[in-house]
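# Summary of structural features
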Amino acid sequence: MNSKETRFTTLIKDNEGMIFKISRAYCDNTQDQKDLYQDIVFQLWKGFDSFRGDSKASTWMYRVALNTAFSFLRKEKRKGHKVQMDDLQIAYEAHDPILEERIKEMYNQIRALSDVEKGIMLLLLEGKKYEEIAEITGFTRTAIGTRISRIKEKLKKQLVKK
Amino acid sequence: MELEEMQIAWSQMSSELEKQKQLTDELIMKMAQQQYTSKINKILRAERVGAIICFATIIYILVNFTKFQSWQSQASAVILVITLFVMSVGSLFLLKKMKAINLQQDNLSTTIKKFSKYKKYTSQFQRGSILVGFFVLFASSAVFSVLFSGKDMFLEVDLTKMIIPMIFGLIIFGIIAYLGSRFYGKSLKEAQLIIEDLED
């Protein structure tokens with residue numbers, strides 16, 4: 001394996017959890033999650049040469065992953081596709097059934113948000129600050145603040161509905 | 001679940017995921033390269049093929065233009081050539097818009113805007129194509145009759161015998177046009193709402 005491939009595989013291995021979390025937030029079934037996961041890895045590989053380190057690697061990865069998730073949803077609506085990769089096992093199960101139940105509930109709430117809100121919510125849950133979220137998504141810091149308030153409102157409404 | 005509870009669950013899940021690393025170097029490169037060979041340009045291929053077919057038809061009509069005897073069939077050929085040209089150019093324009101989306105470099109806001117604009121243009125274009133198709137239906141029948149059977153409909157065929165099949169064809173096309181127009185109208189509205197939301 002050459003040095004570019006080694007750097008790339010290291011980067012992906014270090015961030016495989018992040019790719020999984022994004023795939024699960026945007027797709028509700030395992031096959032679509034696998035497809036999106038592959039698509040994100042593919043897009044990252046495609047853009048790896050152009051990534052010059054002007055921004056942090058994680059910022060760039062989040063940006064590509066969220067863009068890919070958004071584009072994936074649009075393409076999925078138009079047509080089915082994908083290479084079968086049976087050896088890709090990305091299913092995750094928490095060892096604690098109560099935690100697993102809470103995770104499922106959390107993902108259901110995230111999936112009920114709009115595509116933009118999903119992205120912002122994921123970054124917020126990842127512990128990103130408003131400035132970083134703004135840098136990744138391209139919105140202003142103020143717009144991020146407004147959208148986070150809207151997300152909180154929506155979450156409260158979801159609770160009331162239950 | 002409130003945001004604070006979600007943050008706790010998220011962080012617990014993240015710690016578990018850290019322990020469950022599953023990817024190997026081989027699998028990562030397989031994902032990166034298998035996708036490359038199988039998927040790239042798949043979406044754009046159909047649109048390119050469509051544009052090529054339109055251009056080929058234009059050339060074919062122009063090369064055989066002398067076969068059109070009556071002024072009506074000549075006018076039909078001109079209408080069809082113009083329509084096909086506009087459709088090919090429109091299709092290539094949309095292709096260009098689609099290609100302007102750079103998933104590796106744009107941020108989320110830009111990507112969504114570009115996607116929504118592409119969707120908007122596509123919906124407008126397809127809606128327009130359906131309406132144009134309605135009017136070009138008759139012209140294309142006249143042109144292809146000359147090109148493929150050598151008969152100029154306006155000189156050799158009894159047009160009164162064609163009234164019933166044509167009315168039937170127009171009704172079917174009218175239904176398709178109505179449904180298509182409604183569908184693309186809805187898509188257009190959705191795209192417009194996304195753009196407005198982003199520009200808030």
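This text gives an overview of the structure that appears in the document. (Residues numbered from 1 in each chain as written. Chains lettered and ligands numbered in written order. Predicted model: local features only at pLDDT ≥ 70, side-chain atom pairs only at ≥ 80, totals over all residues. Heavy atoms only, no water.)

### Describing helix α5 (residues 97-111) of chain A
For α5 of chain A, which comprises 15 residues, the first-to-last C-alpha distance of 21 Å matches the rise-based estimate of 21 Å (1.5 Å per residue) to within 8%. On the buried face of α5 of chain A, the contacting elements are α2 (16-26), α6 (115-125) and α8 (141-161) of chain A together with α1 (3-19) of chain B. (Helix = DSSP H or I, 4+ residues; strand = E, 2+ residues; numbered from the N terminus. Expected span 1.5 Å × (residues − 1). Contact = heavy atoms within 4.5 Å.)

### Digging into the packing of α2 of chain A against α6 of chain A
Relative placement of two packed helices is described by the angle separating their axes and the distance separating the axes. Residue and element names in this part refer to chain A. Interhelical geometry of α2 versus α6 gives an angle of 150 degrees and a closest axis separation of 11 Å. The orientation of α2 relative to α6 falls into the category roughly antiparallel. The crossing of α2 and α6 is right-handed. Across the interface between the two elements, Lys21, Ile22, Ala25 and Tyr26 from α2 touch Asp115, Lys118, Gly119 and Leu122 from α6. Tallied by class, the residues present in the contact of α2 with α6 amount to four nonpolar, one polar and three charged. (Axes fitted to C-alpha atoms, helices over the stretch in contact; angles between N-to-C directions. Parallel < 35°, antiparallel > 145°, perpendicular 65-115°, else oblique. Left-handed = near helix turned anticlockwise from the far one by under 90°. Nonpolar A, V, L, I, M, F, W, Y, C, P; charged D, E, K, R; others polar.)

### Notes on the interface of chain A and chain B
Counting residues at the interface gives 71 residues for chain A, matched by 50 residues for chain B. Counting the surface lost from both chain A and chain B, the interface buries some 5900 Å², and carbon and sulfur atoms represent 65% of this. Linking chain A with chain B are one salt bridge. In this structure, Asp25 of chain B and Lys13 of chain A form a salt bridge, with 2.7 Å as the shortest nitrogen-oxygen distance. Linking chain A to chain B there are twelve residue pairs in polar contact (both at pLDDT 80 or more). Secondary structure elements with two or more residues in the side of chain A that touches chain B: α1 (3-14), α2, α3 (30-47), α4 (57-78), α5, α6, α7 (130-137) and α8 of chain A. The biggest single contributor to the side of chain A that touches chain B is α4 of chain A, with eleven residues. (Buried area = accessible area lost by both parts, 1.4 Å probe. Salt bridge = Lys/Arg side-chain N within 4 Å of Asp/Glu carboxyl O. Polar contact = N/O pair within 3.5 Å; in protein donor to acceptor, adjacent residues only side chain to side chain.)

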